[in-house]
Amino acid sequence: MGGMTPPRTTEAAIEAQGVSFAFGGTPAVVDVSLRVEPGEFCALVGPNGSGKSTLVRILLGLLQPDAGTVRCLGVEPRALDDRWRIGYVPQRHALAPALPATVEEVVATGRLARRGWWRPPSRADREAVAHALEAVALTHLVHRPVGSLSGGEQQRVLIAKALVNEPALLVLDEPVAGVDASAQRAFRDSVVHEVREHGAAVLLVSHELGAVAADLDHVLVMKRSIVFDGDPFELAARGVSLGVHADDLPLWLESLS
Ligand code: ADP
Ligand code: MG
């Protein structure tokens, strides 16, 4: 026994095999297989309507695929009981304008599933909330009602809420669309921190990858099916540079097939 290498048991953060889904008769996701490793920063890109958000919802167990299998943190996503290990920011999820809660309170709700709602917040909870708000550069707005924030600021509140548990898997669906450059940099820093310091896997759906181009480990390009699966250097070899083509990425993706 001594000296034998144990079998590799590392479980993928996300693994999909042959996943397909149609709305009515219209295919949105066709035979998608992919793997995102723990500690990997992965971008999912593709033209509008190419099925990215639909795929994300399937990967998280929010939609049941017509065919194929998904495993998320090692289990079938609907069977995952500690869902707080996944941070998810859905696309264009506006907070209710009348929501009578402060920024701090909304982010703190991200801790509830982990802590149990019946327990008062601990010092660790309060520190985690403060830390997450710092990561998205919202500390100055902590006591403001969320309804009074701009759309971009509300989006950052939701990112903070997703970060607050130091999730094992962070899934962000176009989190920075329309957010200004300095907020994008703060976002980049917080996501890279989660990946590098806590070993989280991050799946980022975005067209605005200029800020993170140098940090990505893995890129998936989707047009209903996956048409590219590799690292940013291989993508550059196929004529698409995430740094150079940051502003018109969807156009450049058209050239891949
Ligand atoms: P992406 O996120 O890449 O922009 P989506 O996954 O949102 O793409 O959409 C993929 C395709 O599925 C599009 O053609 C879209 O119109 C369609 N679609 C998305 N949601 C629905 C829905 N709830 N009902 C019917 N069709 C939908
Ligand atoms: Mg989408």
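Quick caveat, the model's predicted, so the values are computed rather than measured.

Asks: A description of unusual backbone geometry should follow, citing residues and the corresponding values.
Replies: Trans peptide bonds make up most of the peptide bonds, and negative phi angles are found at most residues other than glycine. The phi torsion at E166 lies on the positive side, around 45°, for a residue other than glycine. Along the chain, E166 turns up in the loop between α5 (151-163) and β6 (169-173). The class of E166 is partly exposed, set by a relative accessible area of 44%. Here the phi dihedral of R224 falls at roughly 65°; this positive angle occurs in a residue that is not glycine.

Asks: A description of the site of ligand 1 should follow, citing residues and the corresponding values.
Replies: Every residue lining ligand 1 is accounted for by F23, A28, P47, N48, G49, S50, G51, K52, S53 and T54. S53 places a polar main-chain atom, nitrogen or oxygen, 2.9 Å from an oxygen atom of ligand 1. Out of a free accessible area of 560 Å², ligand 1 has 54% covered by protein chains. Of the residues forming the shell around ligand 1, the biggest block, three residues, is contributed by helix α1 (residues 52-59).

Asks: Quick rundown of the coordination of the magnesium ion (ligand 2)? Include the residues and the values.
Replies: All of the protein donors around the magnesium ion (ligand 2) are S53 (OG) and Q91 (OE1); their distances to the metal are 2.1 to 2.2 Å. Separated by 38 residues along the polypeptide, S53 in helix α1 and Q91 in the loop between β5 (86-89) and α2 (103-109) bring together distant segments of the chain.

Asks: Describe the environment of E197, naming the residues involved and giving the relevant values.
Replies: Locating E197 in the fold gives a position in helix α6 (residues 181-198). Placed 31 residues apart in sequence, E197 and E166 show a C-alpha to C-alpha distance of 9.9 Å.

Asks: Report on α6, specifying residues and quantitative values.
Replies: The terminal C-alpha atoms of α6 lie 25 Å apart, and with 18 residues this matches the ideal 26 Å at 1.5 Å per residue to within 8%. Residues of α6 that are buried: A183, Q184, A186, F187, R188, S190, V191, V192, E194 and V195. Where α6 terminates, the next one or two residues include G199, which has phi positive at roughly 70°.

Asks: Explain the nonpolar core to me, and be specific about the residues and the numbers.
Replies: Within the largest apolar cluster, 47 residues are counted, with the highest numbers of intra-cluster contacts made by F41, L172 and L209. With six residues, the single largest contributor to this core is α5. Leaving out residues up to four positions away in the same chain, F41 has contacts with V191, V192, V195, V202, L204, V212, D215, L216, D217 and H218. Residues A16, V19, L55 and L60 belong to the second largest nonpolar core, which totals 30 residues.

Asks: Could you give an account of the packing of aromatic side chains, with specific residues and numbers?
Replies: Aromatic rings in a pair are described by how distant their centres are and how their planes are angled relative to each other. Evaluated as defined, the whole model comprises one aromatic pair. Relative to F23, the ring of F21 lies with its centre 5.0 Å away and its plane at 80°, an arrangement referred to as edge-to-face. In this structure F21 comes out as buried when scored by relative accessible area, which is 10%. Exposure remark for F23: the relative accessible area of 46% places this residue in the partly exposed category.

Asks: If you had to explain the sheet that holds β5 to someone new, which residues and values would you point to?
Replies: Strand order in this open sheet of six strands is β5-β6-β7-β3-β8-β9, and the pairing throughout is mixed. Looking at which strands have only one partner, the edges of the open sheet turn out to be β5 and β9 (225-230). For this sheet the average axis-to-axis angle between neighbouring strands, irrespective of direction, equals 15°. Of the strand pairs in this sheet, β5 and β6 are connected by four bridges, and their pairing is parallel. Bridge assignment links I86 to a residue of β6, and that residue is L169. Of the strands in this sheet, β5 and β6 touch α5, which is tilted by about 170° from β5. In the packing of α6 onto the sheet, the strands contacted are β3 (41-45), β6 and β7 (201-205), and the crossing angle to β6 comes to about 155°.

Asks: Requested: an account of the environment of T54, with residues and values cited.
Replies: As for its position among the elements, T54 is in helix α1. When the C-alpha atoms of T54 and R224 are compared, they prove to be 9.7 Å apart, with 170 residues separating the residues in sequence.

Asks: Please give an account of the sheet that holds strand β1 (residues 14-23) that cites residues and values.
Replies: Across the sheet, which stays open at both edges, the three strands sit in the order β2-β1-β4 with antiparallel pairing between neighbours. Among the strands making up the open sheet, the edge pair consists of β2 (26-36) and β4 (67-72). Neighbour to neighbour, the strand axes of the sheet diverge by 25° on average, direction disregarded.

Asks: Tell me about the pairing of β6, and please be specific about residues and values.
Replies: Within β6, five of the five residues are buried, which leaves the element mostly enclosed by the surrounding structure. Neither face of β6 is left uncovered, since the one carrying L169, V171 and D173 and the one carrying L170 and L172 both have all their residues buried. Where β6 and β7 come together, five bridges link them in parallel fashion. Bridged to V171 within β7 is L203.

Conventions we followed
- Residues numbered from 1 in each chain as written.
- Chains lettered and ligands numbered in written order.
- Predicted model: local features only at pLDDT ≥ 70, side-chain atom pairs only at ≥ 80, totals over all residues.
- Heavy atoms only, no water.
- Helix = DSSP H or I, 4+ residues; strand = E, 2+ residues; numbered from the N terminus.
- Buried < 20%, exposed > 50% of the residue type's maximum accessible area, 1.4 Å probe, protein only.
- Near = heavy atom within 4 Å.
- Polar contact = N/O pair within 3.5 Å; in protein donor to acceptor, adjacent residues only side chain to side chain.
- Areas by Shrake-Rupley, 256 points an atom, 1.4 Å probe, with all protein chains shown as cover.
- Donors = N, O, S within 2.8 Å, 3.2 Å for Na, K, Ca; no water.
- Expected span 1.5 Å × (residues − 1).
- Core = buried A, V, L, I, M, F, W, Y, C linked by side-chain atoms within 4.5 Å.
- Contact = heavy atoms within 4.5 Å.
- Phe/Tyr/Trp six-rings, centres within 6.5 Å; stacked < 30°, edge-to-face > 60°.
- Pairing = 2+ DSSP bridges.
- Axes fitted to C-alpha atoms, helices over the stretch in contact; angles between N-to-C directions.

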